[in-house]
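Coordinate analysis (summary)
Listed below are the residues making up each chain.
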Amino acid sequence: MIRSLSGESTADIRDWHLFHKAQPYAALSPHLNLSNLKEEWNDQRGLLDGIALRLKFSNKDLYESHIPDAEIGSLIFEVLEQIRVESICPDDLRGTKQNIQRQFLSWMQQFMSTGGSESSIGLLLLSIFSSTWMRLNGQSVPQLMQDTIEATRAGLAEVTGPILQQLKLNRFNQKAYSLITLDLIAIISNLIEDEYLNNPSARNTRKKNVGANLKIEWVSPSQKNNGVTQKLQNGPLQDQQITLTKSLARYHVYDSQYDVEIEAKKKIRPAQLKIYQEELNQEIANRNIPWSKLIRIYQNLFSVPKPLKWQTTEAEGQLDKRFFTRLATSPLSPVLYKNHFQHPQTQVKITLLVDCSGSMKEQRLNIAVWVDSLVRIMEHVGIETEVLGYSTVTWQGGRPFKNWVRSGSTPQPGRLNERAHWIFKDFKTSWRRSRAGIAALLRPEIYTESVDGEALLWAAERLQKSSCGKPTNNKVILFSDGCPMDRATIQANGEDFLRDHLINVLAWYEQQANLELWACGIGAEMRPFFRYQLSWDPRPDQTIDTLKNWATEFKKNIGR
């Protein structure tokens, strides 16, 4: 619906977030928050139509060049911009116009009913939003809302009246409209400052998060981006790639000499590894997985029948010219024909990448069961798989951190820990021969801290190298439960250093041909950045359903 009305084919909704040109859309007016789709008061068509009009009539670069950093200022700027694009909805879209007007009024009424207008600032915003909406749309708001804002609106009329008229006259000119909006924001900001100066109790109880204070879910774009992550430009693909390359290049490592790549089963004593393998075998046996059924499901999903050769000596089919003599001498012979022999082939290679951070330790048995089961199924289907993991050699930095401290603790040193990349199974090793390596996932000591972005690039490099340039559909499946976590690196570089690198790596994945990244179990903070997602249910009795659900989720996104 959004794509049809806006004409933007790249618009996408992932986990209740809007993405445009593969990037998260930085801001949407609170009445268009996609989480409102779950609310009873919400008009779903109105919300989706409002988003479509925003993409169609608002220039994102122009918007971002004018929006103020302050939280209340950015909120006012955003809501007034959305009022503008909704007010210029073409008259021939009569149904759309009714939907968006109903949605806006429903949100305003919900704002009032939840106590949003009980504070002086909330009442001031309600008056500004209502007055602007009425002026630009030539419509009135419900009587109760008019009664609520009447006194505040009358007090502001002398100052804001001419500005609202200018907003209406310039609603088709986004740049002029934005500049006028900034003038209005300056007036409102002064009024709010006066309110705090004249009311000490309000000043003392003021919170940083205006969204919580005003019962509006809103985070300003400047806080959301935090000035660290380089945004991709909305220009040609080549420019986007250049921008992304520069963003990735800003990530750096303080000292990489201690980084290791480890074949997991060689780091564990054979006797201990045997215990892990027996534990894994017993757990899989207890779950009664129907292998034949699952293999058929995945074979139908990934296999493409291709004629490889002729099957000769058939009783019917196409006449085989090699048997013309026999046809003359023994016309009733049953071996005169040939047919194409159909054999299912796959053009898929899969890497299973496991986050071996401390928070994943409790899930290690479940992960090992899923990984072992998936590798077994894929081998029967004819798909090559690799199982990798990532963590750190030690906690809180190790030797690079100590070297950094001894050298004077220079600012922004980059990654400060000893990276550990684990190989549990490579592409060349069969499922049976790799079971001991997969069982190494049960070793608790390998679960420390995590540097996700580097691990994803490492997994992609190995996967693409194994394909040798062939047009294979490569997939990386990431098992993780949250954001990157390396305390030493975060303390020295800021909370967003590792997270922003991961976001840039995810953008890099989206630009790669024949490479898909699937996330399984990702936490709410990072989930919107992953285009493809697999469900996660850690209950042992749900293993079979989980494996079936993954096949369904793969199928939904084939050719997407």
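The rules we used
Residues numbered from 1 in each chain as written. Predicted model: local features only at pLDDT ≥ 70, side-chain atom pairs only at ≥ 80, totals over all residues. Heavy atoms only, no water. Phe/Tyr/Trp six-rings, centres within 6.5 Å; stacked < 30°, edge-to-face > 60°. Helix = DSSP H or I, 4+ residues; strand = E, 2+ residues; numbered from the N terminus. Buried < 20%, exposed > 50% of the residue type's maximum accessible area, 1.4 Å probe, protein only. Lys NZ or Arg CZ within 6 Å of the ring centre and 35° of its normal. Contact = heavy atoms within 4.5 Å.

So, about the packing of aromatic side chains. According to the stated counting rule, one finds 15 aromatic pairs in the structure shown. Judged by centre distance (6.3 Å) and plane angle (35°), the rings of Trp 107 and Phe 129 are tilted. Remark: Phe 129 occurs in helix α6 (residues 120-137) and Trp 107 occurs in helix α5 (residues 94-113); sequence separation between them is 22 residues. Residue Phe 129 is classed as buried on the basis of its relative accessible area, which comes to 2%. Judged by centre distance (4.9 Å) and plane angle (25°), the rings of Trp 518 and Tyr 532 are stacked. Of this pair, Trp 518 sits in strand β12 (residues 515-520) while Tyr 532 sits in strand β13 (residues 532-534), placing them 14 residues apart in sequence. The residues Trp 518 and Tyr 532 share a single accessibility class, namely buried. Taken together through their ring pairs, the aromatic side chains of Phe 104, Trp 107, Phe 111, Phe 129 and Trp 133 make up a single cluster. Just above the ring of Tyr 63 sits the side chain of Arg 54; from NZ or CZ to the centre is 4.7 Å.

Structurally, the α-helix is built with 3.6 residues per turn, so residues lying three or four positions apart point the same way. Within helix α18 (residues 431-439), seven of the nine residues are buried, leaving the element largely enclosed by the surrounding structure. The set of residues buried in α18 consists of Trp 431, Ser 434, Arg 435, Ala 436, Gly 437, Ile 438 and Ala 439. The inward-facing, buried residues of α18 abut α13 (270-286), α16 (364-381) and β10 (419-425).

For Gln 412, which is not a glycine, the phi torsion comes out positive at approximately 50°. Following the sequence through the fold, Gln 412 ends up in the loop between α17 (398-406) and β10. A relative accessible area of 46% means that Gln 412 is categorised as partly exposed. Phi at Asn 514 takes a positive value of approximately 60°, unusual for a residue other than glycine. Structurally, Asn 514 is set in the loop between α21 (497-510) and β12.

Limitation: the analysis is restricted to geometry and does not speak to function.
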